[in-house]
Amino acid sequence: MYSATFYCFEPQLREVLPPMSELEALIFDVDGTLADTERDGHRVAFNAAFADAGLDWHWSVPLYGQLLSVTGGKERIAEYLRVHQPDFRCTEPLDEFIKGLHRRKTEHFVRIMGAGDIPLRSGVLRLLCEARDAGLRLAIATTTTLENVEALLSAAPQPGLMDWFEVIAAGDVVPNKKPAPDIYELVLRQLGLSPSACIAFEDSDNGVRSALAAGLNALVVTVSSYTTAQDFSGAALVVDQLGEPDQPAKAMVGKLAGRGCVDLDLLRALHQSVFPSGSK
Ligand code: XBP
Ligand code: MG
């Protein structure tokens, strides 16, 4: 990353590179943040895949809430087997069995999203439009599978939304899923930006830990249906939603500074308070 000394003594480069603390990019989690997908999307898709495989497993709404502490669908199935089906045996290697089951689950999730019943959360499209118009770069850092991101963004009312994101880092592209920082670190490397040039958006404790561990301290949490009681320590702003002018957001941590919703002016002020000019 660029150092302060580098900035002071390389005038030509200083013209090319913006000051370290300028806001340049917004990085979004997907599940729970762009859309509330877990209960009626992922959970339903897992159950449909289990039924297809002739398994009598059923993930209820509360059970799925517990299983969400493990990020990643394949990892979640493995944890379920370990805790809830310890006597389960299959004829093929367990890893292969889980991969096959998970592929089917992804097909179901894509189908569910294609039906258009799970919309983007309040304020998401408004903020994406505002950021794009202002020339900010957009990126995604998610645990979920890339096909799921495509399905969600393709079902949105804005055509071509997928192409708005310069970097989409999804699923198994990193060795360790959230709460490890790997996925955010990958996004930062691909953007070529320092964490101080970005704001991250999350909905879960695992996501918060991941983003903070990558140095993304300008962090906004939009609490989702499964995450209301979680610990978001370290987040700069925790709200119930990004909100719309006629559908105001409510802040649990931090202040909306008289604004009805989370807009770009508010985000610039938040970013500046976390990374004041001159900070790295
Ligand atoms: C999301 C997840 C994902 C989905 C399932 O976490 O944990 O695992 O539930 O996706 P986050 P896959 O929002 O923190 O990224 O089944 O495709 O893995
Ligand atoms: Mg999430």
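In this text the structure is predicted, and so the values were computed from the model without any measurement.

Glancing now at helix H8 (residues 146–154). Inspection of H8 places Asn-148, Val-149, Ala-151, Leu-152 and Leu-153 among the buried residues, and these make up the whole buried set. Buried residues along H8 sit in contact with helix H3 (38–52), helix H6 (94–114), strand E2 (137–142) and strand E3 (167–170).

Our focus in this paragraph is the domain arrangement of the protein. With domains assigned, the protein is organised as domain 1 (4–37 + 120–274) and domain 2 (38–114). Across the contact, 16 residues belong to domain 1 and 21 residues belong to domain 2. Of the roughly 1,400 Å² buried at the junction of domain 1 and domain 2 (both faces included), carbon and sulfur atoms supply 55%. When the area that domain 1 buries against domain 2 is broken down by residue, the three leading residues are Thr-37, Asn-148 and Tyr-226, summing to 43%. With a shortest N-O distance of 3.1 Å, Glu-75 and Lys-177 are connected by a salt bridge. Viewed at the interface, domain 2 and domain 1 are joined by 8 residue pairs in polar contact (both at pLDDT 80 or more). When residues of the side of domain 1 that touches domain 2 are assigned to their parent elements, the largest contribution, 4 residues, is made by H8.

Lining the immediate surroundings of ligand 1 are 19 residues, of which Gly-73, Arg-76, His-102, Lys-105 and Thr-145 lie closest. Note that an oxygen atom of ligand 1 is positioned 2.8 Å from one of the backbone N or O atoms of Gly-72. Contact between ligand 1 and Gly-73: an oxygen atom at 2.7 Å from a main-chain N or O atom of the residue. Compared with its free state, where it exposes 450 Å², ligand 1 has 97% of that area covered by protein. For the shell around ligand 1, the secondary structure elements donating two or more residues are H3, helix H5 (73–84) and H6. Here the element with the most residues in the shell around ligand 1 is H3; it accounts for 3 residues. Here the shell around ligand 1 is composed, by residue class, of 2 nonpolar, 11 polar and 6 charged. A domain-level breakdown of the shell around ligand 1 finds at least three residues from each of domain 1 (4–37 + 120–274) and domain 2 (38–114).

This part takes up the pattern of salt bridges. Side-chain pairs of opposite charge can arise where the charged atoms are in close proximity. What the rule picks out here adds up to 15 salt bridges. Across the pair Arg-104 and Asp-52 runs a salt bridge, and its minimum N-O distance is 2.6 Å. In this pair, Arg-104 sits in helix H6 while Asp-52 sits in helix H3, placing the two residues 52 residues apart along the sequence. Ionic pairing is found between Glu-107 and Arg-104, a salt bridge with its closest N-O pair at 2.4 Å. Of this pair, Glu-107 and Arg-104 are both found in helix H6, 3 residues apart, which corresponds to roughly one turn of the helix. Judged by its relative accessible area of 47%, Glu-107 is partly exposed. Connected via shared salt-bridge partners are Lys-74, Glu-75, Asp-172 and Lys-177.

A separate point is the coordination of the magnesium ion (ligand 2). For the magnesium ion (ligand 2), every protein donor is listed as Asp-29 (OD), Asp-31 (O) and Asp-203 (OD), and the spread of their distances is 2.1 to 2.2 Å. Linear spacing of the donor residues for the magnesium ion (ligand 2) on their chain is D-x1-D-x171-D. In this pair, Asp-31 sits in the loop between strand E1 (25–28) and H3 while Asp-203 sits in the loop between strand E4 (198–202) and helix H10 (205–213), placing the two residues 172 residues apart along the sequence.

Calculation criteria
- Residues numbered from 1 in each chain as written.
- Chains lettered and ligands numbered in written order.
- Predicted model: local features only at pLDDT ≥ 70, side-chain atom pairs only at ≥ 80, totals over all residues.
- Heavy atoms only, no water.
- Buried < 20%, exposed > 50% of the residue type's maximum accessible area, 1.4 Å probe, protein only.
- Helix = DSSP H or I, 4+ residues; strand = E, 2+ residues; numbered from the N terminus.
- Contact = heavy atoms within 4.5 Å.
- Domains from an automatic or database assignment.
- Buried area = accessible area lost by both parts, 1.4 Å probe.
- Salt bridge = Lys/Arg side-chain N within 4 Å of Asp/Glu carboxyl O.
- Polar contact = N/O pair within 3.5 Å; in protein donor to acceptor, adjacent residues only side chain to side chain.
- Near = heavy atom within 4 Å.
- Areas by Shrake-Rupley, 256 points an atom, 1.4 Å probe, with all protein chains shown as cover.
- Nonpolar A, V, L, I, M, F, W, Y, C, P; charged D, E, K, R; others polar.
- Donors = N, O, S within 2.8 Å, 3.2 Å for Na, K, Ca; no water.

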